[in-house]
Amino acid sequence: MKLYYLGPTGTFSHMAALNYKNENITDYIPQSNLYEVVKAIESDKDSIAIAPIENSIEGTINIIADTLTEQKVHVIDELHLDIAFSLYVKEGTNLEDIKEVVSIAPAINQTSKFITKHQFKYRYSNSTVQSLDEIDEHTGAIAPMGLEKDRNDVIALATHIEDYPHNTTRFLVLSSEQKRVEKATDSILLITPDEDKPGLLASILNTFALFNINLSWIESRPLKTKLGMYHFFVQADCSADDVEMKKVITILKTLDFKVNVLGNFNKDI
């Protein structure tokens, strides 16, 4: 079985892929962007993908959230990875020599205090590791900590430059096929209203509260049909097959919500 991830080797997605324990994985295949990571499993039905969905500093990774609404994929597991960044430069470069930094948007966002403090300009690359190839005498790269061990062309000028300690990213494991789980601990639902009306979000949350179901993730994304209309993602600490959850789904449907179960899996964090 193949596992697709955002490459190249050394990215946080690659680290997450290697940390995901599945004895059936035979090949780890990098993709150039997150959209291609998810798209790859559509044409390769026996494969899986791993993609970031939420960071403890930045919040939801919108491109993956939107992909869950647009592509026929299923969440089959999740994985948490501690995130730490370094500023990489050419050997002999001093901090005052750096005028600009390069990285992916989430990395720039998660190190914004460091960037602002040193008044760096910034621009984006396709991956944190790719940004190392864009280093010059006035340009640094923000990338995962520890990469200097495998490269002799860069040094880590500053480490732990993330805005807050205990920075963690939650990754979803995705498949084009739904996997049957005997005892799921978590389920992810996509709830879509048919119209905008007062108390819309409250009615969703109150329904879960009625059956004492805890929600570990709540997110809204534009429906992309007209301004002010949203999908709602919720992740519940129970199986979609539980009696209480089935009652919740039934009630939401009677309230004119469309409910799709995006994932039902046994989380082992």
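The written sequence of each chain sets the order in which its residues are numbered from 1. Selection of residues for local features in this predicted model requires a pLDDT of at least 70, selection of side-chain atom pairs for listing and counting requires 80 or more, and totals for whole chains, interfaces and linings are taken over all residues. Side-chain measures here rest on the full set of heavy atoms in the structure, leaving out hydrogens and waters.

As recorded in an unreviewed UniProt entry, the protein goes by the name Prephenate dehydratase, listed as coming from Mammaliicoccus lentus. According to UniProt, the comment filed for the protein under the heading Catalytic activity (unreviewed entry) is "prephenate + H(+) = 3-phenylpyruvate + CO2 + H2O". UniProt, in its Pathway (unreviewed entry) section for the protein, records the words "Amino-acid biosynthesis; L-phenylalanine biosynthesis; phenylpyruvate from prephenate: step 1/1." UniProt positions are given in the numbering used here, feature names are shortened, and annotations may be inferred rather than shown by experiment.

Caption draft 1: A look at helix H2 (residues 34-43). Three exposure classes are used, based on accessible area relative to the maximum for each residue type with a 1.4 Å probe and protein chains only: buried under 20%, partly exposed in between, and exposed over 50%. Strands are runs of DSSP state E lasting at least 2 residues, helices are runs of H or I lasting at least 4, and numbering of each runs from the N terminus. For H2, the full list of buried residues reads Leu34, Val37, Val38, Ala40 and Ile41. All buried residues of H2 project into a common sector of 145° when viewed along the axis, lining one side. Between two residues, a contact is recorded if the distance between any of their heavy atoms is within 4.5 Å. Buried residues along H2 sit against strand E1 (2-6), strand E2 (27-31), strand E3 (48-55), helix H3 (62-70) and strand E11 (168-175). Structurally, the start of H2 carries an N-cap: the backbone nitrogen of Tyr35 is 3.1 Å from a side-chain oxygen of Asn33. Along the arc lie the directions from the helix axis toward the C-beta atoms. Polar contacts, as used here, are pairs of N or O atoms within 3.5 Å; protein pairs need one atom able to donate a hydrogen and one able to accept it. Residues neighboring in sequence count only if both atoms are side-chain atoms.

Caption draft 2: Summary view of the UniProt feature "domain: Prephenate dehydratase" (unreviewed entry) in the protein. As annotated in UniProt, the feature "domain: Prephenate dehydratase" (unreviewed entry) corresponds to residues 2-176 in the numbering used here. Between the C-alpha atoms that bound residues 2-176 the distance is 13 Å, and the span itself is 22% helix and 35% strand.

Caption draft 3: Examining the pairing of E3 more closely. Counting buried positions over the eight residues of E3 gives seven, a clear majority of the element. A pair of strands counts as paired when DSSP detects no fewer than two bridges linking them. As paired strands, E1 and E3 are joined by two bridges and run parallel to one another. Note on E3: the bridge partner recorded for Tyr4 is Ala49. Bridging between E3 and E11 involves seven bridges; their strand directions are antiparallel. Paired with Ile50 across the two strands is Val173, which belongs to E11. Here two bridges tie E3 to strand E4 (residues 59-60), and the two strands are oriented antiparallel to one another. Bridge pairing links Glu54 to Thr60 in E4.

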